[in-house]
Amino acid sequence: VREGREDERIAWSRTLFRFVFGSLNIHGLLHADPHAGNFLFPEGRRVAFLDFGCVQRFDRTTIDALVGVRHQVLAGLRGEKLRPSLTVAYGLPADLDDEEWAFLEEYILLCLDPVLVDGGSVFDGSYMDEMADKLLKGNFLLARKAIFKGVREAKRPGLLYIGRAQLGLAALLADLGARVDYKQ
């Protein structure tokens, strides 16, 4: 697929993006194992989807809350005005401090960055590096906070799978390297 024509790579990227997030937003199902071995790219700009062994189901309330966060971020909400929506969507503990809130907002904005850009964006190595750095920073932050606050976790079932799907999809789209208007 890396050697595919530009129009093919654009079509494949759109299809993968729509599949992962469309399945979640419309049907409440998240294919949480998007990696190159779970897709085939036959002729004709099509994608064949394989291996549905790691699928997470989300209820309508959760989906609406996640979509609400996306809409609020697109509308420019940031900081304290965004926190109530993040709390509901991700089932966050009540005792997050400013450092945790700042990290969470940075991470959510990074995940949503491709849909914030008018005219299209390209997933690439720098985006993947930034995502990996952010996840590492988050792991250290959680570990450090656990020493003082104890182990706490979000109360949203399946939350881990959203991050897994986001990272896996980003890696696939980076391999394709196509400029796509994900905001659309």
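Quick summary incoming for the structure in this document.

Each value, and the rule that gives it
Residues numbered from 1 in each chain as written. Predicted model: local features only at pLDDT ≥ 70, side-chain atom pairs only at ≥ 80, totals over all residues. Heavy atoms only, no water. Helix = DSSP H or I, 4+ residues; strand = E, 2+ residues; numbered from the N terminus. Rg over C-alpha atoms; globule rule 2.2 N^0.38 Å. Buried < 20%, exposed > 50% of the residue type's maximum accessible area, 1.4 Å probe, protein only. Contact = heavy atoms within 4.5 Å. Areas by Shrake-Rupley, 256 points an atom, 1.4 Å probe, with all protein chains shown as cover. Lys, Arg positive; Asp, Glu negative; His and termini not counted. Charge placed at Lys NZ, Arg CZ, Asp CG, Glu CD. Salt bridge = Lys/Arg side-chain N within 4 Å of Asp/Glu carboxyl O.

A few points about the overall build of the chain
Assigned secondary structure in the chain consists of six helices and six strands. From first element to last, N terminus to C terminus, the chain shows the α and β order α-β-β-β-β-α-α-α-β-α-α-β. In summary, the chain has a C-alpha radius of gyration of 17 Å against a globular reference of 16 Å for 184 residues, a match within 12%. Counting only C-alpha atoms and orienting by the principal axes, one finds that the chain spans roughly 55 × 30 × 30 Å. Counting across all 184 residues of the chain, residues that qualify as buried make up 43%. Within the chain, residue pairs in contact and separated by at least 24 positions form 73% of the contacts whose partners lie at least 6 positions apart. Carbon and sulfur atoms form 55% of the exposed surface of the chain, whose accessible area is close to 10,200 Å². With 24 positive and 26 negative side-chain charges, the chain shows a spacing of 4 Å between the two charge centroids.

Things to note about unusual backbone geometry
Its identity is not glycine, yet Asp51 carries a phi of approximately 55 degrees, on the positive side. For Asp51, the location among the structural elements is in the loop between strand 3 (48–49) and strand 4 (55–57).

Some thoughts on the pattern of salt bridges
On inspection of all chains with the given rule, the structure shows ten salt bridges. Across the pair Arg60 and Asp64 runs a salt bridge, and its minimum N-O distance is 3.2 Å. In this pair, Arg60 and Asp64 both sit in helix 2 (residues 60–74), four residues apart, roughly one turn of the helix. What makes Arg60 partly exposed here is its relative accessible area of 40%. Between Arg83 and Asp98 there is a salt bridge; the shortest N-O distance is 3.8 Å. Taken together, the residues Arg83 in helix 3 (residues 83–90) and Asp98 in helix 4 (residues 98–116) connect sequence positions 15 residues apart. The exposure class of Asp98 is exposed, given its relative accessible area of 58%.

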